[in-house]
Amino acid sequence: MQKILKEGDAAPDFEIRMPNGASVSLSSMRGKRNVVVFFYPKDFTPGCTAEVCSFRDRYEEMTKHDAFLVGVSYDDEATHQAFVRKHRLPFPLISDHDHAIARAYGVDARLGGILPGAKRVTFVIDKQGIIRRVLHHEFLVGRHTTGAVETLQQLEQR
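Just so it is clear, the model here is predicted, and its values are computed rather than measured.

Some details on the overall build of the protein chain
Argument step 1. When you go through the protein chain residue by residue, the secondary structure sums to five helices and seven strands.
Argument step 2. Walking the protein chain from its N terminus toward its C terminus, one meets helices and strands in the order β-β-β-α-α-β-α-β-α-β-β-α.
Argument step 3. When burial is assessed residue by residue, the protein chain has 48% of its 158 residues classed as buried.
Argument step 4. Relative to all contacts within the protein chain whose residues are 6 or more apart in sequence, the contacts with residues 24 or more apart total 64%.
Argument step 5. When the accessible surface of the protein chain is summed, it comes to about 7800 Å², and 51% of that surface belongs to carbon and sulfur atoms.

This is how it looks when you write it as structure tokens:
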């Protein structure tokens, strides 16, 4: 089991299929946008719903700091689409069905593999593709959004 990537590491590239069918890669945003990638265990569960909705509620604030936001879990695309519709999410969710993205970031075994799903970890990646903040709180879900916004504000001041 790989360790969670840390601040200062280069963020592994991955591709995002947008709701309109277009694909965007993390590397295509280099030099243009900060990226907030948050991994969460499962759609429609209480903790994950609270976390995803907290990102939704602060989405505009994050985009003002030139951030692209994306959530990642192992749920399939149909489940993600229903979750997006139900909670009116303005950002894409990635279906990491083969766990490749989670493995690349070191978040594929939640609580040592005891609980299903990816670890609940948020990565704030700067415009150069470097991880500037890692937030790992399995149960204190509100800390992910607060920490991401704080980091984006600090990146803007650089």
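Side note on the side chain of T151
Argument step 1. Checked against the element boundaries, T151 lands in helix α5 (residues 142-157).
Argument step 2. Within polar-contact distance, the side chain of T151 engages the backbone oxygen of G147 at 2.8 Å.

Details of the sheet that holds strand β7 (residues 131-136)
Argument step 1. One open sheet accounts for five strands, arranged β5-β4-β3-β6-β7; its pairing is mixed. Looking at strand neighbours, the two that pair on one side only are β5 (93-95) and β7, the edges of this open sheet. Neighbour to neighbour, the strand axes of the sheet diverge by 20° on average, direction disregarded.
Argument step 2. Strands in contact with helix α1 (residues 46-57) are β3 (34-39), β4 (67-73) and β6 (121-125); relative to β3, the strand with the most contacts, it is inclined by about 165°.
Argument step 3. Running at roughly 165° to β5, helix α3 (residues 77-87) makes contact with β4 and β5 of the sheet.

Some thoughts on the pairing of β3
When a strand is regular, its side chains alternate between the sheet's two faces.
Argument step 1. The buried fraction of β3 is high, at six of six residues.
Argument step 2. Burial of β3 is two-sided: the residues N34, V36 and F38 facing one way and the residues V35, V37 and F39 facing the other way are all buried.
Argument step 3. Bridging between β3 and β4 involves six bridges; their strand directions are parallel. By the bridge assignment, F38 is partnered in β4 with G71.

A closer look at the nonpolar core
Argument step 1. Counting 23 residues, the largest nonpolar core has F14, V37, F39, Y105, F123 and I125 as the members making the most contacts within it.
Argument step 2. Elements represented by at least two residues in this core include exactly β3, β4, α4 (100-105) and β6.
Argument step 3. When sequence neighbours within four positions are dropped, the list of residues in contact with F39 reads E51, V72, I101, A102, Y105, V107, A118, K119, R120, V121 and F123.
Argument step 4. Among the nonpolar cores identified, the runner-up in size contains 18 residues, and V36, C48, L69 and L155 belong to it.

About the thresholds
- Residues numbered from 1 in each chain as written.
- Predicted model: local features only at pLDDT ≥ 70, side-chain atom pairs only at ≥ 80, totals over all residues.
- Heavy atoms only, no water.
- Helix = DSSP H or I, 4+ residues; strand = E, 2+ residues; numbered from the N terminus.
- Buried < 20%, exposed > 50% of the residue type's maximum accessible area, 1.4 Å probe, protein only.
- Contact = heavy atoms within 4.5 Å.
- Areas by Shrake-Rupley, 256 points an atom, 1.4 Å probe, with all protein chains shown as cover.
- Polar contact = N/O pair within 3.5 Å; in protein donor to acceptor, adjacent residues only side chain to side chain.
- Pairing = 2+ DSSP bridges.
- Axes fitted to C-alpha atoms, helices over the stretch in contact; angles between N-to-C directions.
- Core = buried A, V, L, I, M, F, W, Y, C linked by side-chain atoms within 4.5 Å.

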